[in-house]
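Close look at the chain arrangement
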Amino acid sequence: MPMDILEFFGLFGGLALFLHGMQMMSSGLEAAAGNRMKAVLEKLTANRFMGILLGALITTAVQSSSATTVMVVGFVNAGIMNLNQAVWLIFGANVGKTTTGLLIALDVGALAPIVAFVGVFMMVFLKKPSLQHIGQLLAGLGILFIGMDMMSASMEPLREVPAFVNMMATLSNPILGIAFGAIFTALIQSSAASVGILQTLAAAGVVEFSGAVYVLFGQNIGTCITAVMASFGTSRDAKRATCVHLLFNVIGTVIFTVVVMVTPLVSIIESTVPGPMTQIAVMHVFFNLATTILLIPFGNMLAKLATRILPDLPETEKPTGMRLAYLTPLTSGGKDGGLGVSAIVVDQLRNELHRMLEMARQNVDASFKAVMDRDTTPLERVEQREQYIDFLNKEISRYISHLIAIETNERGSKIVSCLFSISGNIERIGDHADNLSGYTRMLVEQDISFSEYALAEIGQMRSVSLRAVSALLSSDAGSPDWLTHVAQMEQKIDDMTADFQRDQLVRMRNGICSDEACILYSELLTDFERIGDHVLNI
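Rules used in this analysis
Residues numbered from 1 in each chain as written. Predicted model: local features only at pLDDT ≥ 70, side-chain atom pairs only at ≥ 80, totals over all residues. Heavy atoms only, no water. Helix = DSSP H or I, 4+ residues; strand = E, 2+ residues; numbered from the N terminus. Buried < 20%, exposed > 50% of the residue type's maximum accessible area, 1.4 Å probe, protein only. Contact = heavy atoms within 4.5 Å. Areas by Shrake-Rupley, 256 points an atom, 1.4 Å probe, with all protein chains shown as cover. Axes fitted to C-alpha atoms, helices over the stretch in contact; angles between N-to-C directions. Parallel < 35°, antiparallel > 145°, perpendicular 65-115°, else oblique. Left-handed = near helix turned anticlockwise from the far one by under 90°. Nonpolar A, V, L, I, M, F, W, Y, C, P; charged D, E, K, R; others polar. Phe/Tyr/Trp six-rings, centres within 6.5 Å; stacked < 30°, edge-to-face > 60°. Lys NZ or Arg CZ within 6 Å of the ring centre and 35° of its normal. Salt bridge = Lys/Arg side-chain N within 4 Å of Asp/Glu carboxyl O. Core = buried A, V, L, I, M, F, W, Y, C linked by side-chain atoms within 4.5 Å. Patch = residues over 30% accessible without salt bridge, like charges linked within 9 Å, V, L, I, M, F, W, Y side chains within 5 Å. Expected span 1.5 Å × (residues − 1). Disulfide = S-S within 2.5 Å. Polar contact = N/O pair within 3.5 Å; in protein donor to acceptor, adjacent residues only side chain to side chain.

1. Comments concerning the overall build of the protein
Assigned secondary structure in the protein consists of 22 helices and zero strands. When the 538 residues of the protein are sorted by exposure, 49% land in the buried category. Partitioning the intrachain contacts of the protein with sequence separation of at least 6 by distance along the chain shows that 83% fall at a separation of at least 24. Surface exposure of the protein reaches about 24,000 Å², of which carbon and sulfur atoms provide 62%.

Right under this line is the structure:
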């Protein structure tokens, strides 16, 4: 009896290896190709057939439709692709996920130890990072199939357990079979693993092929749970991409359940395809390929249906208060690394930083104007924006700290670190604008006035500061000419600061400005000069 229990525990050990192997493959591909992912997607997803092919190839490479779909949800949320482009990648992911079952049926697992050895050898002994990443991918593939073999071996004794056999017999009921497949796949968050387990059960004679087909259909629905979790806290379009994924599999399940019940499809496959493992693999391919072909003409309609199901929120229901508009909260599923994470997050971070910088620009503008007008009316709005800037800086910093810990791509890690510095510099620009608000209150409360000469210079400071901060929001950002222009703007701010300090000394000697006004003006000049410094840092 203890031996039987140990054999049964082999199922859990095999499942652990299977899922770990899948994660290794996903991380290896991310490290090897993550930076190229965005450019490839933008070029290839414009055409529906290329999008389907790309989705299938990516899913085949990482052996996980969940990883591909989570990536798609992230790209839609980041604005890298629109919902109509995402539809074709999701279709392709559903086709690509069938390759795991085919490989298991073809007994590719016999080569698993060699593949794992080659992968680990490359990871340990080769020095070139790109080859190490490929080794990680191969090692993950080998471990995945070793885990599958362990699960298969642990299933053999189950056909001798009457209670288990009776339970599996009830799965010939379409509703029970579909529900069981969906729930089990949702729990382990891997259709590849659940289909593999179904194949091993069928090979052990525990479940009949006629009942296994309904479980298989349910597994296609259950795999959507990972994308659903990844969509928590994302944009409306990202949620719609998840809805398309769910619609595809529900529609396919309904169609094939009816087909299996009214046609001899099961009998045809049983009589023409040898072995239950291969039969399940063939049905899995047929289900996803046929559903894809049937739905290709209706892809855009699926996107529209998803929009009808998840319409834009009315103005009164839209989120209020301080929030992240582009970054998915860290508590959501699908953000613990994986395929395409660098490309997704870099774009999300840039969009979030763009929001933050626009708020800082508005505060610089409003604060300088408030000083010139000695008007405290706009200061409440300035302070609200400053609190929002601080909130975004804190959330972005938390996000980046988490991301750096899991980032597998060296270049991606450097980019994310730079974005971390940019966030801090934007926050400091906001602080200097807030300082100007404080000077306005002092001018009003202590009845201090600047001379006409000083007010004219403050007007010039406002104009140049706005041009410098606005340059950071330019569509030319990053080009050599733009970098030169920003550097020249910062130098102009330094030169103006020096000139205005000399002019102030002259006014002090001539008694044109009061002592209090001179002190405030000196502080204001310091903030003006620091704004230029932070613009240059960015």
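Alright, that's what it looks like, and here's the rest.
2. Considering the packing of helix α4 (residues 83–96) against helix α16 (residues 299–309)
Closest axis-to-axis distance for the α4/α16 pair is 9 Å, and the angle between their directions is 115°. Judged by the inter-axis angle, α4 sits roughly perpendicular to α16. The crossing of α4 and α16 is right-handed. Here L83, N84, V87, W88 and F91 of α4 lie close against α16, whose contacting residues are G299, N300, L302, A303 and T307. A class-by-class count of the residues in the contact of α4 with α16 yields six nonpolar, four polar and no charged.

3. A short note on the environment of L265
Structurally, L265 is set in helix α14 (residues 265–272). Distance in space between the C-alpha atoms of L265 and S210 is 9.9 Å, their sequence separation being 55 residues. Leaving out residues up to four positions away in the same chain, L265 has contacts with F256, V259, V260, M283 and F286.

4. Focus: the packing of aromatic side chains
Each aromatic ring pair is specified by the distance between its two centres and by the angle formed by the two planes. Inspection of the entire model under this criterion finds 12 aromatic pairs. Judged by centre distance (6.0 Å) and plane angle (70°), the rings of F450 and Y521 are edge-to-face. Of this pair, F450 sits in the loop between α19 (410–445) and α20 (452–472) while Y521 sits in helix α22 (residues 515–537); the two residues are 71 residues apart in sequence, bridging distant segments of the chain. Summarising the burial analysis for this pair, F450 and Y521 share the class buried. Aromatic ring contacts, followed pair by pair, group Y214, F217, F256, F286 and F287 into a single cluster. The ring of Y521 carries R507 above its face, with NZ or CZ at 5.3 Å from the centroid.

5. A short note on the pattern of salt bridges
In the structure shown here, the tally under the stated rule is 12 salt bridges. Residues R398 and E395 are paired through a salt bridge, measuring 3.0 Å at the closest nitrogen-oxygen approach. In this pair, R398 and E395 both sit in helix α18 (residues 379–406), three residues apart, roughly one turn of the helix. Assessed through its relative accessible area of 16%, E395 is described here as buried. Note that E457 is salt-bridged to R507, the shortest N-O span being 3.3 Å. Placement of E457 in helix α20 and of R507 in helix α21 (residues 480–509) is noted, with a sequence separation of 50 residues between them. Taking relative accessible area as the criterion, R507 reaches 6% and is therefore assigned buried.

6. Thoughts on the nonpolar core
Side chains that are nonpolar tend, in soluble globular proteins, to be buried together. Counting residues in hydrophobic clusters, the biggest one holds 54 residues, and the most contacted among them are F368, F450 and M461. Contributing elements (two or more residues each) for this core: α17 (341–373), α18, α19, α20, α21 and α22. Leave out the neighbours within four places in its chain, and M461 touches F368, M496, F500, Y521, L524, L525 and F528. Judged by nonpolar contacts, the second largest core, of 39 residues, contains L144, I197, V206 and Y214.

7. Quick word on the side chain of S465
Along the polypeptide, S465 turns up in helix α20. Taking relative accessible area as the criterion, S465 reaches 0% and is therefore assigned buried. Sequence-distant contacts of S465, that is, excluding residues within four places in its chain, are made with V364, F368 and F528.

8. Considering a nonpolar patch on the surface
A grouping of L111, I114, F117, V118, V120, F121, M123, V124 and F125 is seen on the molecular surface, where their side chains present a nonpolar patch of about 860 Å² in accessible area. Within the fold, F121 resides in helix α6 (residues 112–125). Residue classification places F121 among the partly exposed residues on the basis of a relative accessible area of 39%.

9. Re α21
Taking 1.5 Å of rise per residue, the 30 residues of α21 would be expected to cover 44 Å, and the 44 Å separating its terminal C-alpha atoms lies within 8% of that figure. Where α21 is concerned, the buried positions are W482, V486, M489, E490, I493, M496, T497, F500, Q504 and R507. On its buried side, α21 packs onto α20 and α22.

10. Examining the environment of C518
Topologically, C518 is positioned in helix α22. With relative accessibility at 7%, the residue C518 sits in the buried group. Separated by 68 residues in the primary sequence, C518 and F450 place their C-alpha atoms 8.3 Å from one another. For C518, the contacting residues outside a window of four places in its chain are Q504, M508 and C513.

11. A short note on helix α15 (residues 276–295)
An α-helical segment advances 3.6 residues per turn. Residues three or four places apart therefore align on the same side. Taking 1.5 Å as the rise per residue, α15 with 20 residues should run 28 Å; its terminal C-alpha atoms sit 28 Å apart, in good agreement. Every buried residue belonging to α15 is among Q279, I280, A281, M283, H284, F287, N288, A290, T291, T292 and L295, and all of these are buried.

12. Quick notes on the state of the cysteines
Disulfide: a covalent bond connecting the sulfur atoms of a pair of cysteines. Within this structure, the stated rule accounts for zero disulfides. Here C224 stays unpaired: no disulfide links it, and the sulfur of C243, its closest cysteine neighbor, is 9.9 Å away.

13. Describing the side chain of K97
Tracing the backbone shows K97 in the loop between α4 and α5 (99–105). Since its relative accessible area comes to 4%, K97 is described here as buried. For K97, the side chain forms a polar contact with the side chain of N94, separated by 3.0 Å. Here K97 is in contact with T59, S65, S191, N220, T223, N249, H284 and N288, once residues within four sequence places are set aside.

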